[in-house]
Amino acid sequence: MNTVTVSLAERSYDILIGESLLADAGAHLAPVLPQKRAIVVTDETVAAHWLALLEGALAAEGIRTEAITVAPGEQSKSFPVLATLMSELLQLRPERKTALIALGGGVIGDLTGFAASICLRGVPFVQVPTTLLAQVDSSVGGKTGINTPEGKNLVGSFYQPKRVLIDTATLSSLPLRERRAGYAEIVKYGLINDAAFFGWLEANGARVAAGEADALAYAIEKSCRAKAAIVAQDEKESGVRALLNLGHTFGHALEAECGFSSELLHGEAVAVGMQMAFDFSVRLNLCPAQDAERLRAHLKHVGLPASPRAIRPAWDANRLIAHFHQDKKVQDGALTFILARAIGEAFVARDVYEGDLRGWLEGML
Ligand SMILES: NC(=O)c1ccc[n+]([C@@H]2O[C@H](COP(=O)([O-])OP(=O)(O)OC[C@H]3O[C@@H](n4cnc5c(N)ncnc54)[C@H](O)[C@@H]3O)[C@@H](O)[C@H]2O)c1
Ligand SMILES: [Zn+2]
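Remember, it's a predicted structure, so these values are computed and weren't measured experimentally. (Residues numbered from 1 in each chain as written. Chains lettered and ligands numbered in written order. Predicted model: local features only at pLDDT ≥ 70, side-chain atom pairs only at ≥ 80, totals over all residues. Heavy atoms only, no water.)

The end-to-end C-alpha distance of helix H3 (residues 79-91), which contains 13 residues, comes to 18 Å, matching closely the 18 Å that a straight helix rising 1.5 Å per residue would cover. Among the residues making up H3, those that are buried are Leu 82, Leu 85, Met 86 and Leu 89. Seen along its axis, H3 keeps its buried residues to an arc of 100°; they face one direction. Opposite the buried face of H3, at more than 90 degrees from it, the exposed residues are Pro 80 and Gln 91. (Helix = DSSP H or I, 4+ residues; strand = E, 2+ residues; numbered from the N terminus. Expected span 1.5 Å × (residues − 1). Buried < 20%, exposed > 50% of the residue type's maximum accessible area, 1.4 Å probe, protein only. Arc of directions from axis to C-beta.)

Put into structure tokens, the structure is as follows:
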């Protein structure tokens, strides 16, 4: 087992990473559960695979659990599902010391973390991520929230978990497409500030995406360390944390156009978005073309899309630009993108000139 610490003074916590940790979840979680009772929140798909194992392991340590199950999918990150979840929670009469355990992907983690932050004005929670995306990204860092008709993740809170328990064995039931999508967020860390890690991924990435245990464990730990380091510097995203949005402004616009449906998974959108960020950086003479080509070759190698046209034959540049303006990074009306000077050298570009962007987008689309 490997441990990565997220250093945030009194809100610091450990990420435990290893194969089959769920079988010992009682021992791994007991130190951070303030009472011998916890409420597990999960989705139907994950429950079918992993809930009994988790509840059994907690029971073995004398920890009593109740479970609440929501429907799988992004639609569960919504006010209606949150409202139902809150009343189911409150009917179980939780106390301030009753922890919530988020067992599932990013949807469950974001929803449960937000519920924990508002239940009784805050109960403890732990993350037990079961998708690759959640294990390398969403379960770490304390961003929680839901979507509204106005946009994704616009309602939420910063609320850190007490612990993150990553069992790589849970990925055995994850469909290949979901695993690949999560892999895109791993590539992101190499692109942001770790060219050597990107090099390692070029050599080993296919093994990670295919789910080979040793390669997976290494990539997950590297990713958690990278995210923990950035979050420790800038918990509430006033500066450097914005780098984690590499590929996300472009990606979100594509996801929004697809109605956040399974036509385009979040990680797939991030893959395309990262390639767009590199291509746009090349267009602005900020980044050598060979770096963008290396990224394109790597995405192709692991079976991820690298162009909007790989998703749909045609896109409307005006509609994409309208989405860019909805981005949470917009400051005083000016667009902000994460661009790159090279692989491993991403930076925050404020005040991107819309004319440059439009010209390049129209040409590409
Ligand atoms: N909070 C953050 O910092 C952060 C960061 C990145 C993404 N996110 C959010 O994460 C969400 C996406 O997360 P996701 O990709 O994990 O999606 P998800 O939670 O919807 O999981 C994807 C699918 O896989 C299923 N699943 C989960 N674990 C499984 C397993 N082990 N075996 C079989 N099936 C399994 C789920 O039921 C679901 O159908 C988005 O809402 C995104 O906004 C949040
Ligand atoms: Zn993401």
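Okay, the site of ligand 1 next. Surrounding ligand 1, one finds 25 residues, the nearest of these being Asp 43, Gly 106, Thr 130, Thr 131 and Ser 173. One nitrogen or oxygen atom from the main chain of Thr 170 is found 2.9 Å from a nitrogen atom belonging to ligand 1. Those elements that provide at least two residues to the shell around ligand 1 are helix H2 (44-60), helix H4 (106-118), helix H5 (132-138) and strand S8 (151-158). Among the elements that take part in the shell around ligand 1, H2 stands out by supplying four residues, more than any other. (Near = heavy atom within 4 Å. Polar contact = N/O pair within 3.5 Å; in protein donor to acceptor, adjacent residues only side chain to side chain.)

Direction vectors running N to C along helix H10 (residues 266-283) and helix H11 (residues 289-302) enclose 165°, while the axes themselves pass 8 Å from each other. As far as their axial angle goes, H11 and H10 are roughly antiparallel. Relative to H11, the crossing made by H10 is left-handed. Contact with H10, carried on its side by Ala 271, Met 274, Gln 275, Phe 278, Asp 279 and Val 282, involves Ala 289, Ala 292, Leu 295, Arg 296 and Leu 299 of H11 and no other residues of that element. Its residues assigned to classes, the contact of H10 with H11 comprises eight nonpolar, one polar and two charged. (Axes fitted to C-alpha atoms, helices over the stretch in contact; angles between N-to-C directions. Parallel < 35°, antiparallel > 145°, perpendicular 65-115°, else oblique. Left-handed = near helix turned anticlockwise from the far one by under 90°. Contact = heavy atoms within 4.5 Å. Nonpolar A, V, L, I, M, F, W, Y, C, P; charged D, E, K, R; others polar.)

A few words on the pairing of strand S7 (residues 143-148). Across the six residues that make up S7, a large majority, five, are buried. In this structure, S7 lies alongside S8, joined through five bridges in antiparallel fashion. In the sheet register, Gly 145 faces S8, and the bridge partner there is Gly 156. Connecting S7 to the next strand, S8, in antiparallel fashion are two residues. (Pairing = 2+ DSSP bridges.)

Moving on, we come to unusual backbone geometry. At Arg 93, a residue that is not glycine, the phi angle is positive and equals roughly 50°. Positionally, Arg 93 belongs in the loop between H3 and strand S5 (99-104). For Arg 93, a relative accessible area of 67% gives the class exposed. At Glu 237, a residue that is not glycine, the phi angle is positive and equals roughly 60°. In this structure, Glu 237 sits in the loop between helix H8 (213-233) and helix H9 (248-257).

This part is about the environment of Ala 67. Structurally, Ala 67 can be placed in strand S4 (residues 64-70). Judged by its relative accessible area of 36%, Ala 67 falls in the partly exposed class. For the pair formed by Ala 67 and Ala 48, sequence separation is 19 residues and the distance between their alpha carbons is 12 Å. Setting aside residues up to four positions removed in sequence, Ala 67 forms contacts with Val 40, Leu 51 and Glu 55.

This brings us to the side chain of Ser 139. Positionally, Ser 139 belongs in the loop between H5 and S7. Judged by relative accessible area, Ser 139 falls into the buried class, the value being 1%. Reaching out from Ser 139, the side chain makes a polar contact with the backbone oxygen of Ala 134 at a distance of 2.8 Å. Ignoring any residue separated from it by four or fewer positions in sequence, one finds Ser 139 in contact with Gln 127, Pro 129, Ala 134, Pro 161 and Val 164.

Let us look at the packing of aromatic side chains. Inspection of every chain in the model, using the stated rule, returns nine aromatic pairs. Between Phe 125 and Tyr 159, the aromatic rings sit 6.0 Å apart at their centres with planes inclined by 15°, giving stacked as the arrangement. Here Phe 125, found in strand S6 (residues 125-129), pairs with Tyr 159, found in the loop between S8 and strand S9 (163-167); they are 34 residues apart in sequence, far enough to count as distant. Given a relative accessible area of 1%, Phe 125 falls into the buried group. Aromatic side chains Phe 324 and Phe 337 sit 5.2 Å apart centroid to centroid with 85° between the ring planes, which places their arrangement in the edge-to-face category. (Phe/Tyr/Trp six-rings, centres within 6.5 Å; stacked < 30°, edge-to-face > 60°.)

A few words now on the side chain of Gln 127. By the secondary structure assignment, Gln 127 is in strand S6. In contact with Gln 127, other than residues within four places in its own chain, are Ala 102, Gly 109, Ser 138, Ser 139, Pro 161, Arg 163, Val 164 and Leu 165.

This part covers H2. With 17 residues, H2 should reach 24 Å at 1.5 Å per residue; the first-to-last C-alpha distance of 23 Å fits that figure. Within H2, the axis deviates most sharply at Trp 50, by approximately 60°. Along H2, the residues that are buried comprise Val 46, Ala 47, Trp 50, Leu 51, Leu 54, Ala 57 and Leu 58. For H2, the elements touching its buried residues are helix H1 (25-29), strand S3 (37-43), S4 and S5. (Bend = angle between axes of the 7 residues up to and from the residue.)

Now for the nonpolar core. Counting residues in each nonpolar core, the largest one holds 80 residues, and the members touching the most others are Tyr 183, Phe 324 and Leu 361. Discounting chain neighbours no more than four positions away, the residues touching Leu 361 are Met 276, Ala 317, Leu 320, Ile 321 and Phe 324. Core analysis: the next-biggest nonpolar cluster, separate from the first, contains 23 residues, Leu 16, Val 32, Trp 50 and Val 126 among them. (Core = buried A, V, L, I, M, F, W, Y, C linked by side-chain atoms within 4.5 Å.)

Fair warning: the whole summary comes from geometry, so function is off the table for now.
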